[in-house]
Amino acid sequence: MLKTYFNLQFELNTESKVGYEPTWKDKVERWYQLDETSLLLCEAISNWQKNDLLKPFERIIYLAQGASNLADADFASSSTASPAKFVYTLPNISPSVFIQLLNWSGPVVCFSPVDLEKSLKFSFNLAETQAVKTQQSTFILYTNPSLNEQGYRVVYGAFVTG
């Protein structure tokens, strides 16, 4: 029987963060090179940690609709090809950054869904099955890189616990 289903939401206007140093900067290598999606994920997790909203978990499922498409487009349109910009076109970079922040050393499953709704249903079913079988919790983290109506990027988190 499923015991806990807990939702989190975090919004950020990344343009307002220009020139600032985050409180978590010592936990993430080269934080100043982060693309907007990675910055958003770290800000969300830091905020949830500060407010004691993160629950214990044994695995992470990360869904990023469009994966690194924003960083890819920025890199392709840039007149300066640089490794600092290229690195964020790699789809494993965003999860590696929030894993540093969480000091995580467990399983992470990453998806770049075409259909976020179907992928979320699949992820919740997978997490619920694991919760029933093993009594272990899964942290599902998902984001859509497009802006909402207020011009903010949004990241969501949910916990499924057995």
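Residues numbered from 1 in each chain as written. Predicted model: local features only at pLDDT ≥ 70, side-chain atom pairs only at ≥ 80, totals over all residues. Heavy atoms only, no water.

Engineer: Just checking my understanding: could you explain the overall build of the chain for this structure?
Structural biologist: On a plain count of helices and strands, the chain comes out with five helices and five strands. Taken from N to C terminus, the helices and strands of the chain fall in the order β-α-β-α-α-α-β-α-β-β. Within the chain, the proportion of its 162 residues that are buried is 43%. In the chain, of all internal contacts separated by at least 6 residues, the share reaching a separation of at least 24 is 72%. Accessible area for the chain stands at about 9000 Å²; split by element, carbon and sulfur atoms hold 52% of it. (Helix = DSSP H or I, 4+ residues; strand = E, 2+ residues; numbered from the N terminus. Buried < 20%, exposed > 50% of the residue type's maximum accessible area, 1.4 Å probe, protein only. Contact = heavy atoms within 4.5 Å. Areas by Shrake-Rupley, 256 points an atom, 1.4 Å probe, with all protein chains shown as cover.)

Engineer: I'm lost on the environment of E29 in this one. Help?
Structural biologist: Take E29: it is sitting in the loop between β1 (4-12) and α1 (36-50). The spacing of E29 and Q100 is 71 residues in sequence and 8.2 Å in space, taken between C-alpha atoms.

Engineer: Explanation requested: the side chain of R59 in the structure shown.
Structural biologist: Tracing the backbone through its elements, the reader meets R59 in strand β2 (residues 59-64). No salt bridge is formed by the buried R59, whose closest oppositely charged neighbour, E58, lies at an N-O distance of 5.5 Å. Within polar-contact distance, the side chain of R59 engages the side chain of Q136 at 2.8 Å. Contact partners of R59, with chain neighbours within four places excluded, come to W104, P107, Q130, T134, Q136, S137, T138 and F139. (Lys, Arg positive; Asp, Glu negative; His and termini not counted. Salt bridge = Lys/Arg side-chain N within 4 Å of Asp/Glu carboxyl O. Polar contact = N/O pair within 3.5 Å; in protein donor to acceptor, adjacent residues only side chain to side chain.)

Engineer: What should I look at first to understand the pattern of salt bridges in this one?
Structural biologist: Opposite charge on two side chains permits pairing when their charged atoms draw close. Evaluation of the coordinates by the stated rule reveals two salt bridges. In this structure, E21 engages K25 in a salt bridge whose closest nitrogen and oxygen atoms are separated by 2.5 Å. Its salt-bridge partner being E117, residue K121 comes within 3.7 Å of it at the nearest N-O pair. Placement of the pair is K121 and E117 together in helix α5 (residues 116-134), with a separation of four residues, close to one helical turn.

Engineer: Can you help me understand α1 in this one?
Structural biologist: With 15 residues, α1 extends 21 Å between its outermost C-alpha atoms, agreeing within 8% with the 21 Å of an ideal straight helix rising 1.5 Å per residue. Counting buried positions along α1 gives eleven out of 15 residues, so the element sits mostly inside the fold. Inspection of α1 places T37, S38, L39, L40, L41, C42, E43, A44, I45, S46 and W48 among the buried residues, and these make up the whole buried set. Phi turns positive, to about 55 degrees, at D52, one or two residues after α1. (Expected span 1.5 Å × (residues − 1).)

Engineer: Even after reading the chapter, I still don't get the side chain of S46, so can you show me in this structure?
Structural biologist: Looking at the element boundaries, S46 is found in helix α1. Excluding its chain neighbours within four sequence positions, the residues that come into contact with S46 are T23, W24 and L101.

Engineer: How do you make sense of the nonpolar core when you look at a structure like this?
Structural biologist: As a rule of thumb, nonpolar side chains are buried together in soluble globular proteins. Counting residues in each nonpolar core, the largest one holds 28 residues, and the members touching the most others are W24, W48, F98, L141 and V155. Going through the elements one at a time, β1, α1, β2, α4 (93-102), β4 (138-144) and β5 (153-161) are the ones with two or more residues in this core. Residue contributions to this core peak at seven residues, all from α1. Leave out the neighbours within four places in its chain, and W48 touches L8, Q9, F10, L53, L54, F139, L141, V155, Y156 and G157. In this structure, F124, A127, A131 and A158 belong to the second largest nonpolar core, which totals eleven residues. (Core = buried A, V, L, I, M, F, W, Y, C linked by side-chain atoms within 4.5 Å.)

Engineer: Would you mind going over the pairing of β2 with me for this structure?
Structural biologist: Two faces belong to every sheet, and in a regular strand the side chains alternate between them. Across the six residues that make up β2, a large majority, six, are buried. Along β2, one buried face is formed by R59, I61 and L63 and the opposite face, lined by I60, Y62 and A64, is buried too. The pairing of β2 with strand β3 (residues 108-111) spans four bridges and is classified as parallel. Note on β3: the bridge partner recorded for Y62 is C110. (Pairing = 2+ DSSP bridges.)

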